[in-house]
Amino acid sequence: MSAEDPKNNASRIGGELQYLRELSSQHKYKEFWERTQIIKDLFKTIKPILKEDRELLWSDYSNMCETVKQEMRNEHEQKKKNATSIGQEIDNLRYNYRIVDGILPITVGFKYHEFWANAKKISQMFKDLKLIRVDREKLWSNYTLICDEVRRFQDGEREKSRRNREFIEGLISDAYKQAKYAENKEGIDQAKSMQAEILEIMKKEKLIKSDRDECWKRWLELKKRIEDTQYNISEYKYISLKSDADKCLDMAYNDDPHEALNEIKAVQKDLHEAFLYRNRRDQIHGILSKAWDVAISKINAIREEKKRKYLEWKERTESNIERWEKNIQNSENFISRLEEQIRDLEDKAANARTDDFADKVRGWIDEKEEKISEVRGQIRNWEDKIDSARRSVDK
């Protein structure tokens, strides 16, 4: 078939239309319209072509152009819709975070993670959605303006957070040393006070999550250090006080209970002032309580024994007083009888018939008076004993 063959010419144009159809299906619109100029020129220059072939090819070509135009109009509308969607998302981003003309009112607690998650969604929309170039450039400019402003503030906050973290870590380091080398309750209390102050600073100062997590980790290490030192101090004091308490218990069982009580009181004073865990304090208190009960029991037993002996002594003394008083009464009665006998003898002496008998009677009188004197001396002795005994009883 020669180059001038109508069928050959129609086939050539048909081939071009097939290529144009492929460009259309691939949405290569720029190349598509560039290729239409070539096909138009072919319709003008290639001859001869049968009329029915020309009409059929031109109809196919025209329909294809109309279809592409409609597709381009539809695509243009879709791009505008896409631009509207992205613009709305950018406006929402601006509205939700109160960003006006690129000015970001950063406040404590600004949710950067949430912001960048939303910003990432918008960035993906730029990749996924088709846009008209001018719309893309304008929207991208608005989007990057917001992101750059947030990033600027975030970088500033990160720097401020870094300085705050270094300051807090310095305070924690000082408190850690205080806790590590503390030797008594006052030292531990100082470390705890520093720990509490650091916690308040951590609450007030602005820190990003990574810095806050690091500060919190160091703060917990400080807390552990305080607890360990506190435990060591408590155990050291516990060993010392337990030894003292055991000594008190031994004294209560084997020594003077009054001295044991004095020792218990001294250890109780140390226990009150000592830094001990509750269970350790309770153990020492239990030993001291037992020692106290033992000492008090011994003191009560001694008191009861003294009381028993005193009552026995008092009973014996009162019995003696009663016996002495009875002796005095009997002696006084005896003296009365002797005095009556003396009076009788004096009458006999006065009425004696002989001097010898009178002298003999007077001898009897002298013996009785001597006996009275002896009995009176015995009475005085008993009275002295009664007086002394009564004074003893009345004390």
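As the structure is a prediction and not an experimental result, all values here were calculated from the model.

### Some thoughts on the overall build of the protein chain
For step 1, the next point in the chain: Looking only at helices and strands, the protein chain features ten helices and zero strands.
For step 2, the next point in the chain: The order of α-helices and β-strands along the protein chain, N terminus first, is α-α-α-α-α-α-α-α-α-α.
For step 3, the next point in the chain: Its C-alpha atoms give the protein chain a radius of gyration of 64 Å, clearly above 21 Å, the size a compact globule of 395 residues would have.
For step 4, the next point in the chain: Looking at the 395 residues of the protein chain, the share that counts as buried comes to 32%.
For step 5, the next point in the chain: Residue pairs at least 24 apart in sequence account for 73% of intrachain contacts in the protein chain once pairs closer than 6 positions are excluded.
For step 6, the next point in the chain: Surface summary for the protein chain: the accessible area is close to 26200 Å², and the carbon and sulfur share equals 48%.
For step 7, the next point in the chain: Computing the positive centroid from 80 side-chain charges and the negative centroid from 79, the protein chain places the two 8 Å apart.

### Things to note about unusual backbone geometry
Keep in mind that most residues, glycine aside, have a negative phi and that most peptide bonds are trans.
For step 1, the next point in the chain: Here Lys 47 and Pro 48 are connected by a cis peptide whose omega angle stands at 0°.
For step 2, the next point in the chain: Within the secondary structure layout, Pro 48 lies in the loop between α2 (29-45) and α3 (51-96).
For step 3, the next point in the chain: One non-glycine residue, His 27, lies in the positive phi region at around 55°.
For step 4, the next point in the chain: Classification of His 27 as partly exposed rests on a relative accessible area of 41%.

### Details of helix α8 (residues 257-273)
For step 1, the next point in the chain: For α8, which comprises 17 residues, the first-to-last C-alpha distance of 24 Å matches the rise-based estimate of 24 Å (1.5 Å per residue) to within 8%.
For step 2, the next point in the chain: Sitting at the head of α8, Asp 256 places a side-chain oxygen 2.8 Å from the backbone nitrogen of His 258.

### Thoughts on the packing of aromatic side chains
For step 1, the next point in the chain: Summed over all chains, the structure comprises eleven aromatic pairs.
For step 2, the next point in the chain: With centroids separated by 4.9 Å and ring planes inclined at 90°, the aromatic side chains of Phe 126 and Trp 140 adopt a geometry described as edge-to-face. Pair noted here: Phe 126 is in helix α4 (residues 112-128) and Trp 140 is in helix α5 (residues 133-180), with a separation of 14 residues, a long-range link.
For step 3, the next point in the chain: Residue Phe 126 is classed as buried on the basis of its relative accessible area of 4%.
For step 4, the next point in the chain: A ring pair is formed by Tyr 310 and Trp 313, whose centres lie 5.7 Å apart and whose planes are at 35°; its orientation type is tilted. Of this pair, Tyr 310 and Trp 313 both sit in helix α9 (residues 278-350), three residues apart, roughly one helical turn.

### Comments concerning the layout of surface pockets
For step 1, the next point in the chain: Taken as a whole, the second largest pocket holds about 190 Å³ of empty space.
For step 2, the next point in the chain: Every residue along the wall of the second largest pocket is listed here: Glu 183, Asn 184, Lys 185, Glu 186, Ile 233, Tyr 236, Lys 237, Glu 273, Ala 274 and Phe 275.
For step 3, the next point in the chain: Sorting the residues of the lining of the second largest pocket by element identifies α6 (185-204) and α7 (209-254) as the ones contributing at least two each.
For step 4, the next point in the chain: Top element by residues in the lining of the second largest pocket is α7. It accounts for three residues.
For step 5, the next point in the chain: Along the lines of polarity and charge, the residues of the lining of the second largest pocket split into four nonpolar, one polar and five charged.

### Examining the side chain of Ser 234
For step 1, the next point in the chain: In this structure, Ser 234 sits in helix α7.
For step 2, the next point in the chain: Separated by 3.0 Å, the side chain of Ser 234 and the backbone nitrogen of Tyr 277 make a polar contact.

### Focus on a negative patch on the surface
For step 1, the next point in the chain: A cluster of acidic side chains, namely Glu 340, Asp 344, Glu 346, Asp 347, Asp 366, Glu 367, Glu 369 and Glu 370, defines a negative patch on the protein surface.
For step 2, the next point in the chain: Among the secondary structure elements, those contributing two or more residues to the negative patch are α9 and α10 (355-394).
For step 3, the next point in the chain: Note on placement: Glu 367 falls in helix α10.

### Concerning the environment of Leu 220
For step 1, the next point in the chain: With respect to the helices, strands and loops of the structure, Leu 220 is situated in helix α7.
For step 2, the next point in the chain: It is 9.8 Å that separates the C-alpha atoms of Leu 220 and Gln 195, two residues lying 25 residues apart in sequence.

### Here we look at the packing of α4 against α5
For step 1, the next point in the chain: Between α4 and α5, whose axes approach to 12 Å, the crossing angle comes to 155°. Our classification of the angle between α4 and α5 gives roughly antiparallel. The two elements α4 and α5 meet at a crossing, and its hand is left-handed. Contacts between α4 and α5 involve Tyr 112, Phe 115, Trp 116, Ala 119, Lys 120, Ile 122, Ser 123 and Phe 126 on the former and, on the latter, Arg 136, Leu 139, Trp 140, Tyr 143, Ile 146, Cys 147, Val 150, Arg 151, Phe 153, Gln 154 and Glu 157.
For step 2, the next point in the chain: A per-class count over the contact of α4 with α5 returns 13 nonpolar, two polar and four charged.

Definitions and cut-offs
- Residues numbered from 1 in each chain as written.
- Predicted model: local features only at pLDDT ≥ 70, side-chain atom pairs only at ≥ 80, totals over all residues.
- Heavy atoms only, no water.
- Helix = DSSP H or I, 4+ residues; strand = E, 2+ residues; numbered from the N terminus.
- Rg over C-alpha atoms; globule rule 2.2 N^0.38 Å.
- Buried < 20%, exposed > 50% of the residue type's maximum accessible area, 1.4 Å probe, protein only.
- Contact = heavy atoms within 4.5 Å.
- Areas by Shrake-Rupley, 256 points an atom, 1.4 Å probe, with all protein chains shown as cover.
- Lys, Arg positive; Asp, Glu negative; His and termini not counted.
- Charge placed at Lys NZ, Arg CZ, Asp CG, Glu CD.
- Expected span 1.5 Å × (residues − 1).
- Polar contact = N/O pair within 3.5 Å; in protein donor to acceptor, adjacent residues only side chain to side chain.
- Phe/Tyr/Trp six-rings, centres within 6.5 Å; stacked < 30°, edge-to-face > 60°.
- 1 Å grid on protein atoms, 1.4 Å probe; cavity = no way out; pocket = protein on both sides within 12 Å on 5 of 7 lines; lining within 4 Å.
- Points joined across faces, edges and corners; volume = space filled by probe spheres on them.
- Nonpolar A, V, L, I, M, F, W, Y, C, P; charged D, E, K, R; others polar.
- Patch = residues over 30% accessible without salt bridge, like charges linked within 9 Å, V, L, I, M, F, W, Y side chains within 5 Å.
- Salt bridge = Lys/Arg side-chain N within 4 Å of Asp/Glu carboxyl O.
- Axes fitted to C-alpha atoms, helices over the stretch in contact; angles between N-to-C directions.
- Parallel < 35°, antiparallel > 145°, perpendicular 65-115°, else oblique.
- Left-handed = near helix turned anticlockwise from the far one by under 90°.

Honestly, that's just the spatial picture; any functional story needs more than this.
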